[in-house]
Amino acid sequence: GAGVSQSPRYKVAKRGQDVALRCDPISGHVSLFWYQQALGQGPEFLTYFQNEAQLDKSGLPSDRFFAERPEGSVSTLKIQRTQQEDSAVYLCASSSGLAAYEQYFGPGTRLTVT
Amino acid sequence: LAKTTQPISMDSYEGQEVNITCSHNNIATNDYITWYQQFPSQGPRFIIQGYKTKVTNEVASLFIPADRKSSTLSLPRVSLSDTAVYYCLVGDPGLAGANNLFFGTGTRLTVIP
């Protein structure tokens, strides 16, 4: 496919479980971003990768959140010991350049923690 | 302190031109202005980006006055399918981080038949 894909599209987790969310960026895109979007709010920046290097993780809300992009393509956002406040849509975006000029977003993963 | 201020919501009739204004009084020299559109259950979609004066593409126009303290997204002849949330971002495209990629709550545009 030509766009950014994310899986799963929906995830229900019991409080305390670990989850892993996957992002497949557009092939060849250097930059990759993760966002969290709560209901009725705009996306909030979580973290940024340039190739395999995580250059900015200032938006990760706690040390339970961890992201990786080991080979500079696919990325995984992991949330350990999920809490109800983690319920949100998690969006991934990629960009062709080394900057955030124009980002291409995936459809998101809706996480519900019960 | 929020970098941008835009109306929470707007209504427009089909076929009209819609102008959404974004205020960014503290815009920095290296900052660009970028607009995204988001439909329900989808990720945002890039609409347009500019630095100064006027930028036009097949979808919209972006007007930026000389002082760059505000900008206006103009959507010509809107249709029902333009009903969405529109976000104005101001930041240095060379940097990531929460300050440069701040979406805010956006403007919810509703197009009425």
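Visitor: Give me the lowdown on the overall build of chain A, citing residues and values where you can.
Guide: When you go through chain A residue by residue, the secondary structure sums to zero helices and eleven strands. For chain A, the sequential pattern of α-helices and β-strands runs β-β-β-β-β-β-β-β-β-β-β. The C-alpha radius of gyration computed for chain A amounts to 13 Å, which stays within 12% of the reference 13 Å derived for 114 residues, consistent with globular compactness. Projected onto the principal axes, the alpha-carbon positions of chain A cover approximately 40 × 25 × 25 Å. Considering chain A as a whole, with its 114 residues, one finds that 47% of them fall into the buried category. Roughly 5,500 Å² of accessible area belongs to chain A as shown, and the carbon and sulfur atoms make up 47% of that amount. Separation between the mean location of the 11 positive side-chain charges and that of the 11 negative ones in chain A comes to 8 Å.

Visitor: So what's going on with the interface of chain A and chain B? Which residues, and what values?
Guide: Listed per partner, the contact involves 20 residues of chain A and 21 residues of chain B. Buried area between chain A and chain B, summed over both chains or domains, comes out near 1,600 Å², and the portion from carbon and sulfur atoms is 57%. The largest contributions to the chain A side of the interface with chain B come from Pro 43, Tyr 101 and Phe 105 of chain A, which together make up 32% of the buried area. Across the contact surface, chain A and chain B share five residue pairs in polar contact (both at pLDDT 80 or more). For the side of chain A that touches chain B, the elements supplying multiple residues, two or more each, are strand 4 (31–37) and strand 5 (44–50) of chain A. Of the residues that constitute the side of chain A that touches chain B, the class distribution is eleven nonpolar, six polar and three charged.

Visitor: So what's going on with the sheet that holds strand 2 (residues 18–23) of chain B? Which residues, and what values?
Guide: Residues and elements named next belong to chain B. Pairing is antiparallel across the open sheet formed by four strands, whose spatial order is 2-7-6-5. Strand pairing shows two members of the sheet lacking a second neighbour, strand 2 and strand 5 (53–56), which therefore form its edges. Direction aside, neighbouring strands of the sheet carry axes that sit 15° apart on average. Where strand 5 and strand 6 (residues 61–64) come together, four bridges link them in antiparallel fashion.

About the thresholds
Residues numbered from 1 in each chain as written. Chains lettered and ligands numbered in written order. Predicted model: local features only at pLDDT ≥ 70, side-chain atom pairs only at ≥ 80, totals over all residues. Heavy atoms only, no water. Helix = DSSP H or I, 4+ residues; strand = E, 2+ residues; numbered from the N terminus. Rg over C-alpha atoms; globule rule 2.2 N^0.38 Å. Buried < 20%, exposed > 50% of the residue type's maximum accessible area, 1.4 Å probe, protein only. Areas by Shrake-Rupley, 256 points an atom, 1.4 Å probe, with all protein chains shown as cover. Lys, Arg positive; Asp, Glu negative; His and termini not counted. Charge placed at Lys NZ, Arg CZ, Asp CG, Glu CD. Contact = heavy atoms within 4.5 Å. Buried area = accessible area lost by both parts, 1.4 Å probe. Polar contact = N/O pair within 3.5 Å; in protein donor to acceptor, adjacent residues only side chain to side chain. Nonpolar A, V, L, I, M, F, W, Y, C, P; charged D, E, K, R; others polar. Pairing = 2+ DSSP bridges. Axes fitted to C-alpha atoms, helices over the stretch in contact; angles between N-to-C directions.

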